[in-house]
Amino acid sequence: MTISTERPTTSAERDATLPTARVLTIAGTDSGGGAGVPADLKAMMALGTHGMCVVTAVTAQNSVGVQGAWPLPDEAIRGQFRSVVDDIGVDALKTGMLASAEIVATVAELIDTVPRRADGSRVPLVVDPVAMSKHGDPLLAAEAVATLRSALLPLATVLTPNIPEAALLTGLSPSTPAAVLAGALLELGAEWVLIKGGHKEGDADDTLVSWTGERHVFQAARADNTHTHGTGCTMASLIAAGLGQGLSVPEAVGLAKRFMIGAIPAGYALGRGIGPVDPLWHLRAALADGGWTPGPGLRTAAG
């Protein structure tokens with residue numbers, strides 16, 4: 001067999017292969033590749049968007065926990081942000097691990113400088129209020145919570161806390177109904193709040209509520225799989241990718257939820273602890289059943 005890697009010969013073929021949106025994640029790294037910036041970029045590419053990153057902190061992390069974390073200096077965060085936004089531009093943003101009150105304040109200030117869209121609206125922002133890792137390791141300083149509430153949440157198009165994060169941000173009990181948690185968070189300024197149901201008993205339903213009172217529940221049976229590292233990062237990045245491509249918030253959340261219904265059961269063992277969800281499950285499934293074929297730039301032929 002010979003493999004040809006010729007580029008598409010027409011501009012129409014070339015344009016058809018290009019990502020449809022530019023999506024920027026502002027988050028920490030995960031050296032094990034299961035969460036943080038690595039997971040964000042995989043999820044963004046899985047939905048056909050071009051992912052970019054501003055690294056806020058570097059972690060030494062694997063399947064059993066976080067062994068160390070080092071926040072980046074203000075100058076490094078500002079430099080990365082300006083480099084990307086001033087040249088490439090963005091169609092949607094997503095924040096993850098921000099580590100400290102100083103970083104939260106810097107990131108909020110930078111996001112507020114992003115040029116508005118042609119219709120005058122803000123570029124959509126998904127805020128994943130990462131407070132701790134899957135293994136229970138803290139990723140947000142306690143004193144940063146107040147800054148997150150006051151500086152970043154008012155800029156959020158969608159806030160995507162799990163139940164412990166919603167309880168931390170509101171001061172309410174984790175047993176508080178999802179709609180009540182969402183209502184308390186909406187008072188802090190987010191346009192929409194998605195309370196993820198992964199930490200509650202029973203089915204893993206997610207509740208989406210807007211400041212106007214619109215409400216959606218996205219239902220899903222709980223997957224029998226312990227390998228769920230990176231679930232929150234992947235979900236928020238998928239939502240950002242959908243928003244960057246012009247979907248409404250309910251449409252973007254619905255798309256992300258449907259994608260996660262495949263990605264979580266496909267999570268795989270890696271190392272000695274909790275493995276990651278699989279953001280390429282759909283591609284693996286297509287390859288397995290022969291339903292995927294090379295694009296116009298890659299052809300196979302009998303040699």
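Refer to the structure printed above.
Report on the accompanying structure.

Rules used in this analysis
Residues numbered from 1 in each chain as written. Predicted model: local features only at pLDDT ≥ 70, side-chain atom pairs only at ≥ 80, totals over all residues. Heavy atoms only, no water. Axes fitted to C-alpha atoms, helices over the stretch in contact; angles between N-to-C directions. Helix = DSSP H or I, 4+ residues; strand = E, 2+ residues; numbered from the N terminus. Parallel < 35°, antiparallel > 145°, perpendicular 65-115°, else oblique. Contact = heavy atoms within 4.5 Å. Nonpolar A, V, L, I, M, F, W, Y, C, P; charged D, E, K, R; others polar. Buried < 20%, exposed > 50% of the residue type's maximum accessible area, 1.4 Å probe, protein only. Pairing = 2+ DSSP bridges. 1 Å grid on protein atoms, 1.4 Å probe; cavity = no way out; pocket = protein on both sides within 12 Å on 5 of 7 lines; lining within 4 Å. Points joined across faces, edges and corners; volume = space filled by probe spheres on them. Core = buried A, V, L, I, M, F, W, Y, C linked by side-chain atoms within 4.5 Å.

### A closer look at the packing of helix 4 (residues 101-111) against helix 5 (residues 144-152)
Inference 1: Helix 5 packs onto helix 4 with a crossing angle of 10 degrees between their chain directions and a minimal axis gap of 8 Å. Relative to helix 5, the element helix 4 is oriented roughly parallel. Along its contact with helix 4, which presents Ala-101, Val-104, Ala-105, Ala-108 and Ile-111, the element helix 5 presents Ala-144, Thr-147, Leu-148, Ala-151 and Leu-152.
Inference 2: Of the residues in the contact of helix 4 with helix 5, the class split is nine nonpolar, one polar and no charged.

### Observations regarding the pairing of strand 4 (residues 57-62)
Inference 1: Here strand 4 shows one buried face, formed by Ala-57, Thr-59 and Gln-61, and one open face, formed by Val-58, Ala-60 and Asn-62.
Inference 2: Across six bridges, the pairing between strand 4 and strand 5 (residues 65-71) is antiparallel. Its bridge partner lying in strand 5, Thr-59 is registered against Ala-69.
Inference 3: Hairpin geometry of strand 4 and strand 5 is characterised by an intervening segment of two residues between the two adjacent antiparallel strands.

### Re empty space enclosed by the protein
Inference 1: According to the stated counting rule, one finds two cavities of 30 Å³ or more in the structure shown.
Inference 2: In terms of residue class, the lining of the largest cavity is built from five nonpolar, three polar and one charged.
Inference 3: Reported here for the second largest cavity is a volume of approximately 40 Å³.
Inference 4: The wall of the second largest cavity is formed by Gly-96, Leu-98, Asp-128, Pro-129, Val-130, Leu-140 and Leu-148.
Inference 5: Residues belonging to the lining of the second largest cavity are distributed by class as follows: five nonpolar, one polar and one charged.

### Brief notes about the nonpolar core
Inference 1: Counting residues in each nonpolar core, the largest one holds 48 residues, and the members touching the most others are Leu-24, Ile-26, Phe-81, Leu-93, Ile-111 and Leu-152.
Inference 2: Counting residues per element, this core draws most heavily on helix 4, at seven residues.
Inference 3: Dropping the residues within four chain positions of it, Leu-24 is found in contact with Met-44, Met-52, Cys-53, Val-54, Phe-81, Val-84, Val-85, Val-90, Ala-92, Leu-93 and Lys-94.
Inference 4: By size, the runner-up hydrophobic cluster in this structure holds 27 residues, among which are Ala-21, Ala-92, Val-158 and Met-235.

### With respect to unusual backbone geometry
Inference 1: Even without a glycine there, the phi angle at Ala-99 is positive, about 70 degrees.
Inference 2: In this fold, Ala-99 is placed in the loop between strand 6 (92-95) and helix 4.

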